[in-house]
Amino acid sequence: MEDAARVRDRLIMAILISAVIHLIVIMGPLGPMPPTPATRTAERPLALNVQPASPAGGPVLRLVAGDGPASESVRSSADPAPRVIDGTQDDDARARYLRDWIVHTETLGNRAYPAELINAGIRGRVVMAITLNAAGEVRGARIVGGSDNPMLRRAARSLVEAAAPYPPVPETVLEDRDTLVITRSWSFGGD
């Protein structure tokens, strides 16, 4: 009879210990925690204050999606086909590089806006295809459309050179190619 009582006592003790362990696991070592009030930060949109690169009412250089043939490029027989981008709404590496390139080029282009265009009151667009190597160096700049005005064409070419060097082109943008061609329309005077 003593063995049966001992077995019963051990069984009751194991059940009690198991219950205590389960309570500790479920409730935590100090009991249930009082509910904490949800602290939410006010969801505010990110404010981005971009200052114009030229004075208000002054000349403006804007780069917009190119109207010319984006697939045309200067190729040598040794060069594989260049990577071509001319505009996208995606948020991949190509889109980020293109947006950064546009901001860089417009900022520097507005600082070096040709006085001859301002003095002559010349406005218009020139579509250019800029070829960059991996280091961001200009390998070529071709006019593929837009105005035939020689002053505008000369200004577009000089602004490409003035904005150089460009940021290096990431490998994810080049995708195993040697060059990147960016086709944009250079809008002079806010056209």
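Just so it is clear, the structure is predicted and the values come from calculations on it, not from any experiment.

S.K.: Sorry if this is basic, but what is going on with the overall build of the protein chain here?
M.R.: For the protein chain, the count of helices and strands is five helices and five strands. Ordered by position from N to C terminus, the α and β elements of the protein chain give α-β-β-α-α-β-β-α-α-β. The proportion of buried residues among the 191 residues of the protein chain is 31%.

S.K.: Whenever I open this one, the confidence of the model for the protein chain confuses me. Can you help?
M.R.: Low-confidence regions, as indicated by low pLDDT, have predicted coordinates that should not be scrutinised in detail. Summarising the model, the protein chain shows a mean pLDDT of 74, and 65% of its residues fall at 70 or more. In this model residues 38–57 is a low-confidence stretch, pLDDT under 50, and it forms six contacts with partners more than four residues away in sequence or in other chains. Scored below 50 in pLDDT, residues 66–78 makes 22 contacts in the model with residues more than four places away or belonging to other chains.

S.K.: Just checking my understanding: could you explain the pattern of salt bridges for this structure?
M.R.: Side chains bearing opposite charge may pair, as long as their charged atoms lie close to each other. Enumeration according to the criterion identifies four salt bridges in this entry. D9 is paired through a salt bridge with R8; the nearest N and O atoms lie 3.5 Å apart. Of the charged contacts in the structure, one is a salt bridge between R153 and D148, with a shortest N-O distance of 3.3 Å. Bridged by salt links that share partners, the residues R94, E175 and R177 form one connected network.

S.K.: Can you walk me through unusual backbone geometry in this structure?
M.R.: Phi is mostly negative for residues that are not glycine, and the peptide bonds are mostly trans. The linkage connecting A164 with the following residue, P165, adopts the cis geometry, with an omega of 0°. One can find P165 in the loop between α4 (150–163) and α5 (171–174). Phi at E175 is positive, roughly 50°, even though this residue is not glycine. Residue position: E175 is located in the loop between α5 and β5 (179–188).

S.K.: Could you clarify how one ought to interpret helix α2 (residues 93–111) in this entry?
M.R.: The terminal C-alpha atoms of α2, which comprises 19 residues, lie 27 Å apart, in line with the 27 Å expected from a rise of 1.5 Å per residue. Of all the residues in α2, the buried ones are A95, Y97, L98, W101, I102, T105, E106, G109 and N110.

S.K.: Even after reading the chapter, I still don't get the environment of E171, so can you show me in this structure?
M.R.: Within the fold, E171 resides in helix α5. Exposure remark for E171: the relative accessible area of 54% places this residue in the exposed category. Put simply, E171 and A134 are 37 residues apart on the chain and 7.7 Å apart in space, counted from C-alpha to C-alpha.

S.K.: Even after reading the chapter, I still don't get the packing of aromatic side chains, so can you show me in this structure?
M.R.: Aromatic ring pairs: the centre-centre distance and the angle between the two ring planes describe each pair. Per the counting criterion, the structure on display carries three aromatic pairs. Ring centres 6.4 Å apart and planes at 90° place the aromatic pair W101 and W186 in the edge-to-face group. Here W101 is found in helix α2, whereas its partner W186 is found in strand β5, with 85 residues between them in sequence. Overall, W101 belongs to the buried group, its relative accessible area being 1%. Here W186 falls in the buried class, since its relative accessible area comes to 0%. A network of ring pairs unites the aromatic residues W101, Y166 and W186 as a single cluster.

S.K.: Before we go on, may I ask you to explain the pairing of strand β3 (residues 124–133) in this structure?
M.R.: On a regular strand, each side chain points to the face opposite its neighbour's, so the side chains alternate between the two faces of the sheet. Along β3, nine of the 10 residues are buried, which leaves the element largely enclosed by surrounding structure. Sheet analysis places β3 next to β5, joined by 10 bridges and oriented antiparallel. Paired with V126 across the two strands is W186, which belongs to β5. Here β3 hands over to strand β4 (residues 138–146) after four residues, with G136 in that stretch at a positive phi of 90°.

S.K.: Where do I start with α4 in this structure?
M.R.: Every α-helix winds through 3.6 residues per turn, so residues three or four apart in the chain are directed the same way. The terminal C-alpha atoms of α4 lie 20 Å apart, and with 14 residues this matches the ideal 20 Å at 1.5 Å per residue to within 8%. Turning to α4, its buried residues are L152, A155, A156, L159, V160 and A163. The buried residues of α4 occupy an angular sector of 140° when projected down its axis, which confines them to one face. Those residues of α4 that are exposed and aimed more than 90 degrees away from the buried face are P150 and E161. The N-terminus of α4 is capped by N149, whose side-chain oxygen sits 2.7 Å from the backbone nitrogen of M151.

About the cut-offs
- Residues numbered from 1 in each chain as written.
- Predicted model: local features only at pLDDT ≥ 70, side-chain atom pairs only at ≥ 80, totals over all residues.
- Heavy atoms only, no water.
- Helix = DSSP H or I, 4+ residues; strand = E, 2+ residues; numbered from the N terminus.
- Buried < 20%, exposed > 50% of the residue type's maximum accessible area, 1.4 Å probe, protein only.
- pLDDT = per-residue confidence, 0-100.
- Contact = heavy atoms within 4.5 Å.
- Salt bridge = Lys/Arg side-chain N within 4 Å of Asp/Glu carboxyl O.
- Expected span 1.5 Å × (residues − 1).
- Phe/Tyr/Trp six-rings, centres within 6.5 Å; stacked < 30°, edge-to-face > 60°.
- Pairing = 2+ DSSP bridges.
- Arc of directions from axis to C-beta.
- Polar contact = N/O pair within 3.5 Å; in protein donor to acceptor, adjacent residues only side chain to side chain.

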